[in-house]
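What follows is each chain in one-letter form.
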Amino acid sequence: MKKYINYLIILAVFLAAGCAARTAPADEGQAFAAADSITSLRQVITSDSSTVRTIMWQADDALPNPVAEVRNAEGEITQVPAQSKELTTGSRKVYVYTATLNGLTPEANYEYRAGYEGSRTDWHQLNTPGSDDDFKALIFPDSQSSDYSGWENLAQTACNNNKDAALFINMGDLVDNGYDLSQWNAWFNAVTPMMENIPFAPVMGNHETYTLEWQVGAPTPYLTFFNLPGGGSDLQEGYYSFDYGDVHFTVLNSQTDELAKFNPNLMAEQLEWLRSDLASTQSKWKIVLMHKDVLRYAFTDRPNNFDPATLQFNQWAEQLMPVFDEFNVDAVLTAHLHTYRRRVPLKNFKPDASGTTYILTGVAGSVRYANLWQRNPADAALAPQPEDANYLTLEKTANSLTFKAFLPNGTEFDSVTITKEGA
């Protein structure tokens, strides 16, 4: 129940509008010109979404006096100066702006906008969760594409079908080439206006490390476009964690092979951080997000060096799964293989009803590996074959987490619920 009865009408508009909403411009004081130079306005997840939110945007040119403004239910406006970074890949350059809104009140409704000297965007919604609120999240697998129109249709359909979504997640390989600004523009366009009105939590994939020459490089564009909570070194190693209500999300960087030349100790450092992160959280629920999967799959059309009827785990699994078991992680979501597979709960590297639920989330872009993988003995559910794109929802209640998987037309094809009583 919200505290401000005088603002019930505003609240009703927010709740009805959901992730697809745009608010009308409203200025009680100075009249501003439209901020036409601003593109890809977005909310980015922070470690505590109930009190802090990061606002980011881009421009082709340097903007004078860039700011973000947040307005509370009483109409009070707080202005926060934005910091800028130049990002150049090939012959293209873009300016990326970041403003961090601190001191927000939990379980409250705000509006925010961005701007620069004499210009402002429209107002957009910004809602903060309570400590144990029920909520819904949208989850998208790999969106890398040769043509991003399919990804756009999927993202917009998912948003329109889930207007009550509180945040959204993309499970890595957001784009096919991490240094191609035209692909990033297509990705951002596909998730507008969703990203303007609910926070985004990204996961780094291997394609975020590819340069324009298709060589492995530092994931500089990805880390510039998304100013994430600290989890690694001062250079941000691409792993971090955040809380949304009483769910603790741990986001891992599975690109240790690609990034070995930049940090050969990335795996060891991340494992140490992971144990500390899971040990320190007091949240009721724990979910891990990582791009690469933990299981090995046999190919359907070529010789294999292992028995497809036997569970086979990769290097990541051998080091990470014992930690997930130790700290009773509820669910681990992965991507990378472009196929949807929900597994039986696993513990100690074997099926166990008391173990962790592992979901390989599928594919959301145009790059498909139709009929590439054989079934695995751990697979409890697959997408309809041959596979189309898909998305997922996470619905959190006091005593349950429910994951549902949907085809592009909104047809549900899989669902699993994890229950837990008490704290």
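Residues numbered from 1 in each chain as written. Predicted model: local features only at pLDDT ≥ 70, side-chain atom pairs only at ≥ 80, totals over all residues. Heavy atoms only, no water.

### Section: the packing of aromatic side chains
Applying the stated criterion across every chain, the model contains 26 aromatic pairs. With a centroid separation of 6.4 Å and 80 degrees between ring planes, the pair formed by F140 and F168 is classed as edge-to-face. In this pair, F140 sits in strand β11 (residues 135-140) while F168 sits in strand β12 (residues 167-170), placing the two residues 28 residues apart along the sequence. Here F168 falls in the buried class, since its relative accessible area comes to 0%. (Phe/Tyr/Trp six-rings, centres within 6.5 Å; stacked < 30°, edge-to-face > 60°. Helix = DSSP H or I, 4+ residues; strand = E, 2+ residues; numbered from the N terminus. Buried < 20%, exposed > 50% of the residue type's maximum accessible area, 1.4 Å probe, protein only.)

### Structural notes on the sheet that holds strand β6 (residues 83-89)
Within a sheet, adjacent strands bond to each other through the backbone by hydrogen bonds, running parallel or antiparallel. Taken together, the ten strands give an open sheet; going across it, the order is β6-β7-β3-β2-β13-β12-β11-β23-β24-β25, and neighbouring strands pair in mixed fashion. Every interior strand has two partners, whereas the edge strands, β6 and β25 (412-419), have only one. Averaged over neighbouring strand pairs, the angle between their axes works out to 25 degrees when direction is ignored. In this structure, β11 lies alongside β12, joined through four bridges in parallel fashion. Counted as the bridge partner of A137 is L167 from β12. Sitting on the sheet, helix α2 (residues 149-161) touches β11, β12 and β23 (391-397), and the angle it makes with β11 is about 170 degrees. The sheet contacts of helix α3 (residues 181-190) involve β2 (39-44), β3 (53-59), β6, β7 (92-101), β12 and β13 (199-202), and relative to β7 the element is tilted by about 40 degrees. (Pairing = 2+ DSSP bridges. Axes fitted to C-alpha atoms, helices over the stretch in contact; angles between N-to-C directions. Contact = heavy atoms within 4.5 Å.)

### As for the pairing of β12
With burial as the criterion, each face of β12 is covered, one bearing L167 and I169 and the other bearing F168 and N170. With respect to chirality, the unit in which β11 leads through α2 into the neighbouring parallel β12 is right-handed. In this structure, β12 lies alongside β13, joined through three bridges in parallel fashion. Paired with I169 across the two strands is A201, which belongs to β13. (Right-handed = clockwise from strand over helix to strand, strands pointing away.)

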